Amino acid sequence: MREVIKTETLNNFKDFSSGVGASLKIPTKLDIDSGGALQYLTINIEKELDNSKIVINQTFSYLFSQPEELVAQTGLILTIKKTVRSDFYLHFWQRELMDRIFSKDRINSGNPIFNKTFSVRSNNPNIVNSIFTNSNVQDLFLNNKFLVFNVNSNGREIKIKLKNMVLKKYETEEIENYYNNLLFINNLIKV
């Protein structure tokens, strides 16, 4: 596995955040950083959209004695929160054997491979069809086996979350791909 360098990682996030007009925040954790051999670096990118706020983050750890050598502690997490008029939920998962045999939660995306691989449950099938008939969204999920996606509303706020569970340093282009797909999905969810 390639060594993750702190400076390179910060530069990737800086490049991405400046490219999309977002703010880069690196919160300090004085209670953790004040002692011990293991230190943490959390990188947050925040951007206000029309009626939404997107937050992208990833946390790394490093040894106090080797501050440039990062180890990814979390996958890349992208979250959009926005106000909505009605409840909406979408649960999306990779099919297991029993899902393939008995499930009614099928997707009609126009792509038979995608339809056989994933199941979905939602209270708005029109939005689901709009999201998953897009070939870029299909490619995102077919090419990233450890990608978690869900949408839940709580009262008048909805949270759209996309998380890649792979613990690694993400390149600027990868972050952009997740970001653009999440923005596309966000624009389709109008409830």
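Residues numbered from 1 in each chain as written. Predicted model: local features only at pLDDT ≥ 70, side-chain atom pairs only at ≥ 80, totals over all residues. Heavy atoms only, no water.

Novice: Give me the lowdown on the overall build of the chain, citing residues and values where you can.
Specialist: Secondary structure assignment for the chain yields seven helices and ten strands. Within the chain, the proportion of its 191 residues that are buried is 43%. Relative to all contacts within the chain whose residues are 6 or more apart in sequence, the contacts with residues 24 or more apart total 58%. Surface exposure of the chain reaches about 10,500 Å², of which carbon and sulfur atoms provide 50%. (Helix = DSSP H or I, 4+ residues; strand = E, 2+ residues; numbered from the N terminus. Buried < 20%, exposed > 50% of the residue type's maximum accessible area, 1.4 Å probe, protein only. Contact = heavy atoms within 4.5 Å. Areas by Shrake-Rupley, 256 points an atom, 1.4 Å probe, with all protein chains shown as cover.)

Novice: For the packing of aromatic side chains, give the residues involved together with the corresponding values.
Specialist: The tally for this structure, following the rule as stated, stands at 13 aromatic pairs. Consider the rings of Phe118 and Phe141, whose centres lie 6.2 Å apart with planes at 70°: the pair is edge-to-face. One end of the pair, Phe118, is in strand 8 (residues 118-122); the other, Phe141, is in helix 6 (residues 135-142), and 23 residues separate them in sequence. What makes Phe118 buried here is its relative accessible area of 5%. You can call Phe141 buried: its relative accessible area is 2%. Taken together through their ring pairs, the aromatic side chains of Phe92, Phe114, Phe118, Phe132, Phe141 and Phe149 make up a single cluster. Just above the ring of Tyr62 sits the side chain of Lys6; from NZ or CZ to the centre is 4.6 Å. (Phe/Tyr/Trp six-rings, centres within 6.5 Å; stacked < 30°, edge-to-face > 60°. Lys NZ or Arg CZ within 6 Å of the ring centre and 35° of its normal.)

Novice: An account of helix 6 is needed here, citing residue identities and associated values.
Specialist: Every buried residue of helix 6 is listed here: Val137, Gln138, Leu140 and Phe141. End-on, the buried residues of helix 6 take up no more than an arc of 160°, which puts them together on one face. One side-chain oxygen at the N-terminal end of helix 6 lies 2.8 Å from the backbone nitrogen of Asn136; it belongs to Asn134. (Arc of directions from axis to C-beta. Polar contact = N/O pair within 3.5 Å; in protein donor to acceptor, adjacent residues only side chain to side chain.)

Novice: Outline the nonpolar core, listing residues and values.
Specialist: With 49 residues, the main nonpolar core has Leu90, Phe92, Phe132, Phe141, Phe149 and Ile189 as its most contacted residues. Among the elements that take part in this core, helix 7 (residues 172-188) stands out by supplying six residues, more than any other. If sequence neighbours within four positions are ignored, Phe149 has contacts with Leu90, Phe92, Phe132, Phe141, Ile160, Lys161, Leu162 and Ile185. (Core = buried A, V, L, I, M, F, W, Y, C linked by side-chain atoms within 4.5 Å.)

Novice: How would you sum up the packing of helix 6 against helix 7? Please name residues and give values.
Specialist: Where helix 6 meets helix 7, the closest approach of the two axes is 10 Å, and the angle between their N-to-C directions is 130°. Relative to helix 7, helix 6 is oriented oblique. For the crossing formed where helix 6 meets helix 7, the hand is left-handed. Where helix 6 approaches helix 7, its residues Asn136, Val137 and Leu140 are matched on the opposing element by Asn177, Tyr178, Asn181, Phe184 and Ile185. (Axes fitted to C-alpha atoms, helices over the stretch in contact; angles between N-to-C directions. Parallel < 35°, antiparallel > 145°, perpendicular 65-115°, else oblique. Left-handed = near helix turned anticlockwise from the far one by under 90°.)

Novice: Tell me what's going on with the pairing of strand 3 (residues 38-48), and back it up with residues and numbers.
Specialist: As judged from the three bridges shared by strand 2 (residues 23-25) and strand 3, these two strands associate in the antiparallel manner. Each residue of the ladder has a partner; that of Leu24, found in strand 3, is Ile45. Of the pairings in the sheet, the one linking strand 3 to strand 4 (residues 52-63) comprises eleven bridges and is antiparallel in character. Paired with Lys47 across the bridge in strand 4 is Ile54. Taking the residues between adjacent antiparallel strands as the criterion, strand 3 and strand 4 are bridged by three residues. (Pairing = 2+ DSSP bridges.)

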